[in-house]
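# A closer look at the structure
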Amino acid sequence: MTLASLISLVPFIWMLLTSLKTQPESIQIPMAILPAHPSMQAYHRILTEVPFTTFYINSFLYTFFTVTLQMLIAAMAAYGFSRLTFRGRDTVFMLCVSILMVPAQAFLIPQFLIVQKLGLVNTLSGLILPGIFSIYATFLLRQFFLGVPRELEEAALLDGYNHFTIFWRILLPLIRPGLIACTIINGLWAWNNLMWPLIVNTSVNKLTLPVGLASLASRAGVPYPMLMAGALMAVLPMLILFIFFQRYFIQGIASAGVKG
């Protein structure tokens, strides 16, 4: 485990060391592992020569609203598929799950045409709306709802609670590990998503971090120290999020397949 952990840290260490190098040092052959004269110049350049703060804000807004709406919709759908009885419930659920077998790239053209018809190209809404439905989160949260004893729900119904109150005040707090696990997984996906933001937004002030960093590459070459500095700063929010909620994340993933 120690060896595996050290191996997984190599890319991050390499990013840090490269961000402290000069451009000639970063491309010289043979490779220079340690910077000869460590410098913070790459961090200064990425913050002054590129609208990095704008990229950061766009990524934060995109991730926050996408994940928040994903969790709300997925939780309600999961409750319906696990606790309510209606005709065709299992068939509809299997049809939804079957979407996971379709490559995400197959949806790009239809999604873009819909967003274009709605006039939402180069807007935050156009960036967010196609991603608010998460079949994976619905499936995972359904497993958590199935693990909650039905006696709790029956007792609440006898006390006069409706389904919305049971969902919001009783069952949702009981699946908190699952919600946190889904939030981290979908948050990582939204924060690192490159394809959809690259297609729907072309204005510089609408770019997210992955697209903004990718745009640093040009015919003149790739400024590796700037790129690594930006990538390192882009990793920090998700790293901090995982550190604070790793206990819930591990608990959520470990119990996802359990139903009682």
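Residues numbered from 1 in each chain as written. Predicted model: local features only at pLDDT ≥ 70, side-chain atom pairs only at ≥ 80, totals over all residues. Heavy atoms only, no water.

## Notes on the overall build of the chain
Looking only at helices and strands, one finds 14 helices and zero strands in the chain. Ordered by position from N to C terminus, the α and β elements of the chain give α-α-α-α-α-α-α-α-α-α-α-α-α-α. Principal-axis analysis of the C-alpha atoms gives the chain an extent of 70 × 50 × 30 Å. Evaluated residue by residue, the chain yields a buried proportion of 39% over its 260 residues. Taking the intrachain contacts of the chain between residues at least 6 apart in sequence as the baseline, contacts between residues at least 24 apart amount to 76%. (Helix = DSSP H or I, 4+ residues; strand = E, 2+ residues; numbered from the N terminus. Buried < 20%, exposed > 50% of the residue type's maximum accessible area, 1.4 Å probe, protein only. Contact = heavy atoms within 4.5 Å.)

## Some details on the pattern of salt bridges
Under the defined criterion, the tally for this structure stands at four salt bridges. Residue Glu49 pairs with Arg45 through a salt bridge whose shortest N-O separation is 3.1 Å. For Glu153, the salt bridge is made with Arg83, and the minimal N-O distance between the two is 2.9 Å. Placement of the pair is Glu153 in helix H9 (residues 150-158) and Arg83 in helix H4 (residues 52-83), with a sequence separation of 70 residues. Owing to a relative accessible area of 5%, Glu153 belongs among the buried residues under this scheme. Residue classification places Arg83 among the buried positions, given a relative accessible area of 5%. Here the salt bridges do not stand alone but share partners, grouping Arg83, Arg150 and Glu153 into one network. (Salt bridge = Lys/Arg side-chain N within 4 Å of Asp/Glu carboxyl O.)

## Concerning a nonpolar patch on the surface
A contiguous nonpolar patch, built from Leu236, Leu239, Ile240, Ile243, Phe244 and Phe245 and spanning about 590 Å² of accessible area, is present on the exposed surface. For Leu239, a relative accessible area of 40% corresponds to the partly exposed category. (Patch = residues over 30% accessible without salt bridge, like charges linked within 9 Å, V, L, I, M, F, W, Y side chains within 5 Å. Areas by Shrake-Rupley, 256 points an atom, 1.4 Å probe, with all protein chains shown as cover.)

## Quick notes on the environment of Met71
Tracing the backbone through its elements, the reader meets Met71 in helix H4. Taking C-alpha positions, Met71 is 19 Å from Val92, a pair spaced 21 residues apart along the chain.

## Some thoughts on the packing of aromatic side chains
If you walk through the whole model with that rule in mind, you get eleven aromatic pairs. Plain terms: the ring middles of Phe52 and Tyr56 are 5.5 Å apart, the flat faces sit at 65 degrees to each other, and that makes the pair edge-to-face. Of the two residues, Phe52 and Tyr56 are both situated in helix H4; the distance of four residues between them amounts to about one turn of the helix. The class of Tyr56 is partly exposed, set by a relative accessible area of 23%. Ring centres 6.1 Å apart and planes at 15 degrees place the aromatic pair Phe60 and Phe64 in the stacked group. A residue pair is termed a helical-turn pair when its members lie 3 or 4 positions apart in one helix, as Phe60 and Phe64 do in helix H4 at four residues. By way of ring pairs, the aromatic residues Tyr79, Phe145, Phe164, Phe167 and Trp168 are connected into one cluster. Above the ring of Trp14, the side-chain terminus of Lys21 is found at 4.6 Å from the ring centroid. (Phe/Tyr/Trp six-rings, centres within 6.5 Å; stacked < 30°, edge-to-face > 60°. Lys NZ or Arg CZ within 6 Å of the ring centre and 35° of its normal.)

## Some points on the packing of H4 against helix H5 (residues 89-98)
Two numbers describe how H4 lies on H5: the axes approach to 9 Å, and their chain directions differ by 140 degrees. Looking at the two axes, H4 sits oblique to H5. By crossing handedness, the relation of H4 to H5 is classed as left-handed. Counting all contacts with H4, which are made through Gly80, Phe81 and Ser82, the residues of H5 involved are Arg89, Val92, Phe93 and Cys96. Of the residues belonging to the contact of H4 with H5, the class tally is four nonpolar, two polar and one charged. (Axes fitted to C-alpha atoms, helices over the stretch in contact; angles between N-to-C directions. Parallel < 35°, antiparallel > 145°, perpendicular 65-115°, else oblique. Left-handed = near helix turned anticlockwise from the far one by under 90°. Nonpolar A, V, L, I, M, F, W, Y, C, P; charged D, E, K, R; others polar.)

## A short note on the environment of Leu146
With respect to the helices and strands, the residue Leu146 is situated in helix H8 (residues 135-146). Sequence separation between Leu146 and Leu100 is 46 residues; the distance between their C-alpha atoms is 21 Å.

## A look at the packing of H9 against helix H10 (residues 163-174)
Remark: H9 packs on H10, axes separated minimally by 10 Å, with the N-to-C direction vectors making an angle of 145 degrees. The two elements H9 and H10 cross, and the hand of that crossing is right-handed. Residues Leu152, Glu153, Ala156 and Leu157 of H9 pack against His163, Ile166, Ile170 and Leu174 of H10. Of the residues assigned to the contact of H9 with H10, the class counts are six nonpolar, one polar and one charged.

## A closer look at the confidence of the model for the chain
Scored by pLDDT, the chain comes out at a mean of 88, with 94% of its residues at no less than 70. Averaged pLDDT values over the elements of the chain bottom out at 81 in helix H14 (residues 224-254) and peak at 94 in H4. (pLDDT = per-residue confidence, 0-100.)

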